[in-house]
Amino acid sequence: MNDPQQPRLTPIDEWEDEAAAMLDGVEYDTDLGLRMARDAIRVSNGELSDAEFHEKYHEELLAEFGEDERPTKPEGFDDD
Amino acid sequence: MTNYGLVIDQERCIGCQACAVSCKQENNVPMGQFWNRVLTEGGDKIDTPSGGYPEDGGSGSLDMEYQPTACQHCENAPCVKVCPVNATYTRDDGIVEIDYDKCIGCRYCMAACPYNARVFNWDEPEQMPEEGTGDVAARPQGVVEKCTFCSHRVDEGLDPACVVNCPADARIFGDLDDEGSTVSKYINEYETDQLLEDRGTDPKTHYISGEMSPGRPQTSDKMESELDDVSPWSDGAEDVPSDADGSDSGDSGGSHHSIESDADPHVPAVGSGGDD
């Protein structure tokens, strides 16, 4: 059960521990989730493009989930 | 193009939790979960102030500030970018929503959200009463859920429940792409912040601090854009009263001035004679 008071604005230096705790016990690759979360913020603040982000994780997502339906797919991207 | 957003005036917020409770009721949020929270800044605990009582004739320094927080419906939403099955998506009107039929519960979106706005249904959700509350179907165990800006209400031309039920008129919902909307005017006219701006997520929730705005008194459940006769404060910058507390109006309620509309008032007009 979630602690109703748990959510807060996490300082950036504490974020990774909190994100790891959220993913603890998940049926999927925890490390992949953490890396994607970190890079998704990099996309938001312009350090990484949507296309770069998409290509970086496409193969891993296909292997883990059997699909990659993210909206970051660049035009003309070859799914295969 | 419509692009919905929220302005929260932290100078008006009184920390009453009405937004949190009305959200929970409207959206059938399970026991133990909250989509909408009023965090507090102040003392050591969630409900304790900082500072101290006046002692020995001195002035006190008690202080507690409120930080209402929910999904920020970011323009550059990290949660949307990491969802492998596209269960989290951005609607054409800017609202970030979850397709609970698609969600596989991987919680990658929770890890990516800098605002801790999402909750996970670890167990079979329990409602009180058992049949649930509000107008939204319960979500199943094993999915992530969060604030939707009450999209089911917005689709019917109604303001989100938290906005309608804020007794301090601290929450204003509207179209950020409409320069004439109250949200757009307030963002232009008042000092506003977005949470964790350094993350680049560009939240659609903006917080006013420093100077109190007039808010937007609710004349009905309807969104501002649905009203024929909206608040005169939204008609132009020159109409925004400089005296936000309405001290010369004779009304103790301050922001509740007369509305000449056939809409049923949602918040009763406040009579004169004090606020006790």
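Because the structure is a prediction, the values reported are computed rather than measured.

For chain A, the helix and strand inventory stands at three helices and zero strands. Out of the 80 residues belonging to chain A, those deemed buried represent 39%. Across chain A, contacts joining residues at least 24 apart in sequence account for 19% of those joining residues at least 6 apart. Accessible surface, chain A as shown: approximately 4,500 Å² in total, 44% of it carbon and sulfur.

Turning next to the pattern of salt bridges. Within this structure, the stated rule accounts for 18 salt bridges over all chains. Between aspartate 155 of chain B and arginine 91 of chain B there is a salt bridge, with the nearest N and O atoms lying 2.8 Å from each other. Placement of aspartate 155 of chain B in the loop between α4 (151–154) and α5 (161–164) and of arginine 91 of chain B in the loop between β4 (88–90) and β5 (96–98) is noted, with a sequence separation of 64 residues between them. The class of aspartate 155 of chain B is exposed, set by a relative accessible area of 53%. Residue classification places arginine 91 of chain B among the buried residues on the basis of a relative accessible area of 16%. One connected set of salt bridges, linked through shared partners, spans Asp39, Arg42, Glu47 and Lys56 of chain A.

Counting 44 residues, the largest nonpolar core has Val144 and Phe173 of chain B as its most contacted members. When contributions to this core are tallied by element, the ones reaching two or more residues are β1 (4–9), α1 (18–26), α2 (78–82), β5, α3 (108–112), β6 (119–120) and α5 of chain B. Apart from the residues within four sequence positions on either side, valine 144 of chain B is in contact with Ile98, Tyr100, Cys103, Arg107, Cys109, Met110, Arg118, Val119 and Phe120 of chain B. Of all hydrophobic cores here, the second largest spans 20 residues; its members include Leu34, Met36 and Val43 of chain A together with Cys106 of chain B.

The interface is formed by 39 residues belonging to chain B together with 40 residues belonging to chain A. For the pair chain B and chain A, the summed buried surface comes to about 3,300 Å²; carbon and sulfur atoms form 61% of the total. Three residues, Lys81, Tyr108 and Arg199 of chain B, lead the burial of chain B against chain A; their summed loss comes to 23% of the area buried on that side. On the surface where chain B and chain A come into contact, there are one salt bridge. The partner of lysine 81 of chain B in a salt bridge is aspartate 50 of chain A, and the shortest N-O contact between them spans 3.2 Å. Taken together, chain B and chain A are joined by eight residue pairs in polar contact (both at pLDDT 80 or more). Going through the elements one at a time, β2 (37–41), β3 (65–69), α2, α3 and β6 of chain B are the ones with two or more residues in the side of chain B that touches chain A.

For proline 129 of chain B, the location among the structural elements is in the loop between β6 and β7 (144–145). A sequence separation of 101 residues divides proline 129 of chain B from asparagine 28 of chain B, and the C-alpha atoms of the two residues are 9.9 Å apart.

A cluster of acidic residues, Asp123, Glu124, Glu126, Glu130 and Glu131 of chain B, forms a negative patch on the protein surface. Mapped onto the fold, glutamate 131 of chain B is located in the loop between β6 and β7.

Here we come to the confidence of the model for chain A. Residue and element names in this part refer to chain A. Across chain A, the average pLDDT comes to 85, with 82% of residues at or above 70. The secondary-structure element of chain A with the lowest mean pLDDT is helix α1 (residues 12–23), recorded at 84, while helix α3 (residues 50–65) shows the highest, at 96. Contacts of residues 1–7 to residues separated by more than four positions or lying in other chains number 18 contacts, the stretch itself having pLDDT below 50.

Residue and element names in this part refer to chain B. Of note, the bond from methionine 128 into proline 129 is cis; its omega dihedral lies within 30 degrees of zero at 0°. Even without being a glycine, asparagine 116 presents a positive backbone phi close to 50°. One can find asparagine 116 in the loop between α3 and β6. Residue classification places asparagine 116 among the buried residues on the basis of a relative accessible area of 4%. In this structure, cysteine 150 takes a positive phi of about 50° despite not being glycine.

So, on to the packing of aromatic side chains. Applying the stated criterion across every chain yields a total of seven aromatic pairs over all chains. Between phenylalanine 149 of chain B and phenylalanine 173 of chain B the ring centres are 5.2 Å apart and the planes differ by 80°, which places this aromatic pair in the edge-to-face class. Highlighted residues: phenylalanine 149 of chain B in the loop between β7 and α4 and phenylalanine 173 of chain B in strand β8 (residues 171–175), separated in sequence by 24 residues. The exposure class of phenylalanine 149 of chain B is buried, given its relative accessible area of 4%. By relative accessible area, phenylalanine 173 of chain B is classed as buried at 2%. Arranged with centres 5.3 Å apart and planes meeting at 75°, the rings of tyrosine 186 of chain B and tyrosine 190 of chain B form a pair that is edge-to-face. Here a set of aromatic residues connected by ring pairs shows up, and it is made of Tyr28 and Phe65 of chain A together with Tyr108 of chain B. When the ring centre of phenylalanine 120 of chain B is taken as reference, the NZ or CZ atom of arginine 107 of chain B above it lies at 4.6 Å. Directly above the ring of tyrosine 100 of chain B sits arginine 139 of chain B, whose terminal nitrogen or CZ lies 6.0 Å from the centroid.

Further remarks concern the sheet that holds strand β10 (residues 205–208) of chain B. All names here are of chain B. Pairing within the open sheet is mixed, and its four strands lie in the order β8-β1-β10-β9. The sheet terminates laterally at β8 and β9 (192–193), the two strands that pair on one side only. Across the face of the sheet, helix α6 (residues 182–189) comes into contact with β1, β8, β9 and β10 while running at roughly 110° to β8.

Procedures and definitions
Residues numbered from 1 in each chain as written. Chains lettered and ligands numbered in written order. Predicted model: local features only at pLDDT ≥ 70, side-chain atom pairs only at ≥ 80, totals over all residues. Heavy atoms only, no water. Helix = DSSP H or I, 4+ residues; strand = E, 2+ residues; numbered from the N terminus. Buried < 20%, exposed > 50% of the residue type's maximum accessible area, 1.4 Å probe, protein only. Contact = heavy atoms within 4.5 Å. Areas by Shrake-Rupley, 256 points an atom, 1.4 Å probe, with all protein chains shown as cover. Salt bridge = Lys/Arg side-chain N within 4 Å of Asp/Glu carboxyl O. Core = buried A, V, L, I, M, F, W, Y, C linked by side-chain atoms within 4.5 Å. Buried area = accessible area lost by both parts, 1.4 Å probe. Polar contact = N/O pair within 3.5 Å; in protein donor to acceptor, adjacent residues only side chain to side chain. Patch = residues over 30% accessible without salt bridge, like charges linked within 9 Å, V, L, I, M, F, W, Y side chains within 5 Å. Lys, Arg positive; Asp, Glu negative; His and termini not counted. Charge placed at Lys NZ, Arg CZ, Asp CG, Glu CD. pLDDT = per-residue confidence, 0-100. Phe/Tyr/Trp six-rings, centres within 6.5 Å; stacked < 30°, edge-to-face > 60°. Lys NZ or Arg CZ within 6 Å of the ring centre and 35° of its normal. Pairing = 2+ DSSP bridges. Axes fitted to C-alpha atoms, helices over the stretch in contact; angles between N-to-C directions.

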